[in-house]
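Listed here are the chains, written in short residue letters.
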Amino acid sequence: MNKSIFRIAVTTTLFGLFLTGCALPMKDIEAIAPVASENQHLIELSPKLSTHNLQPMFMVEALGFKAVDETGWDRLGSDEIYAVWQSNAVVSTLIQDDVDSGDSFDFHQLQSCIYPIAGNELIIDGRYGGEGSGWVCKGEGGPGPIRFTAFFFDDDSFIAHFPFCFSGSFVTDCQDTFVGKYIGTWTTGELIEDLPTAGAMKNFTVRLNPCEGPAVCGDDDFPDYDLRFRITRMADKEVLRVNTLE
């Protein structure tokens with residue numbers, strides 16, 4: 001075979017192979033797997049949002065009381081009055097001797113806090129004074145809503161009661177005379193409406209309810225006592241709250 005014919009044959013063969021190669025089927029292109037398909041074992045968590053909220057804080061302090069009409073007959077002796085505050089703790093004030101109709105008295109500054117009472121003691125007997133008979137409010141105040149009860153008793157015995165004499169409720173055979181009570185309740189909204197800014201305060205004078213339990217009221221023999229107290233709005237407290245977005 002001469003060189004010309006050889007060249008033609010080689011060229012024809014290569015061209016045929018080229019055409020044959022172009023006719024071969026192309027390999028499929030694999031798409032990148034989606035991330036979700038590779039993480040199907042993971043649990044989708046609801047997103048959370050941390051927010052700083054300002055919580056209004058309040059303080060309740062007793063100022064004093066007035067014996068509008070003492071217990072029993074005015075000419076037969078005097079009352080010996082002590083008060084009991086019941087909120088986040090239960091505490092009693094000093095016994096005030098020689099209380100007659102028309103007399104007014106202030107509470108000791110270390111026994112005036114009604115809410116929120118600081119410390120870990122849940123019961124403090126302050127009727128006879130001395131070490132451990134006083135308390136103070138938490139410096140920052142406490143959040144709303146507010147609920148407290150004030151009880152007044154006339155000490156008629158010569159022996160100390162422990163821890164208190166709630167007219168027989170806590171101590172049997174109680175010899176003290178129940179004088180009256182007041183239950184104070186405010187929602188947070190009501191407190192904010194009355195005390196819109198930090199430092200605002202409002203004084204109250206309320207008549208104690210002389211009805212003990214199911215007793216019938218309205219009799220002239222019931223004593224009449226007024227309680228004076230103050231509610232102060234303290235500085236708002238920053239509270240961190242974590243909310244889950246649905």
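Residues numbered from 1 in each chain as written. Predicted model: local features only at pLDDT ≥ 70, side-chain atom pairs only at ≥ 80, totals over all residues. Heavy atoms only, no water.

> How should I be thinking about the nonpolar core in this particular structure?
Most often, soluble globular proteins have nonpolar side chains that are buried together. Counting residues in each nonpolar core, the largest one holds 40 residues, and the members touching the most others are Trp85, Phe152, Trp186, Tyr225, Leu227 and Phe229. Those elements that place two or more of their residues in this core are strand 1 (48-69), strand 2 (79-86), strand 6 (113-115), strand 9 (146-154), strand 10 (177-186), strand 11 (201-207) and strand 12 (224-244). When residues in this core are grouped by element, the largest group, 7 residues, is from strand 1. Residues within four places of Leu227 in sequence aside, it is in contact with Gly64, Trp85, Phe107, Ala150, Phe152, Phe204, Thr205, Val206 and Leu208. Judged by nonpolar contacts, the second largest core, of 7 residues, contains Val84, Val90, Ile95 and Phe151. (Core = buried A, V, L, I, M, F, W, Y, C linked by side-chain atoms within 4.5 Å. Buried < 20%, exposed > 50% of the residue type's maximum accessible area, 1.4 Å probe, protein only. Helix = DSSP H or I, 4+ residues; strand = E, 2+ residues; numbered from the N terminus. Contact = heavy atoms within 4.5 Å.)

> Help me understand the state of the cysteines in this model?
Chemically, a disulfide is nothing more than a covalent bond linking the sulfur atoms of two cysteines. Scanning the entire structure with this criterion turns up 1 disulfide. Between the sulfur of Cys113 and that of Cys137 lies a disulfide, 1.9 Å long from S to S. A torsion of 105 degrees about the S-S bond marks the disulfide between Cys113 and Cys137 as right-handed. Taken as a pair, Cys113 in strand 6 and Cys137 in the loop between strand 7 (123-125) and strand 8 (142-143) lie far apart in primary sequence, 24 residues in all. Exposure class is identical for Cys113 and Cys137. Each is buried. (Disulfide = S-S within 2.5 Å.)

> How should I be thinking about the pairing of strand 2 in this particular structure?
Within a regular strand, side chains alternate between the sheet's two faces. For strand 2, a buried count of 7 out of 8 residues is recorded, marking the element as mostly surrounded by other parts of the structure. Here 2 bridges tie strand 2 to strand 4 (residues 96-99), and the two strands are oriented antiparallel to one another. Bridge pairing links Asp79 to Val99 in strand 4. Judged from the 6 bridges that link them, strand 2 and strand 9 form a sheet pairing that is antiparallel. Looking at the pairing, Tyr82 lines up with Phe153 of strand 9. Joining the antiparallel neighbours strand 2 and strand 3 (residues 90-92) is a turn of 3 residues. (Pairing = 2+ DSSP bridges.)

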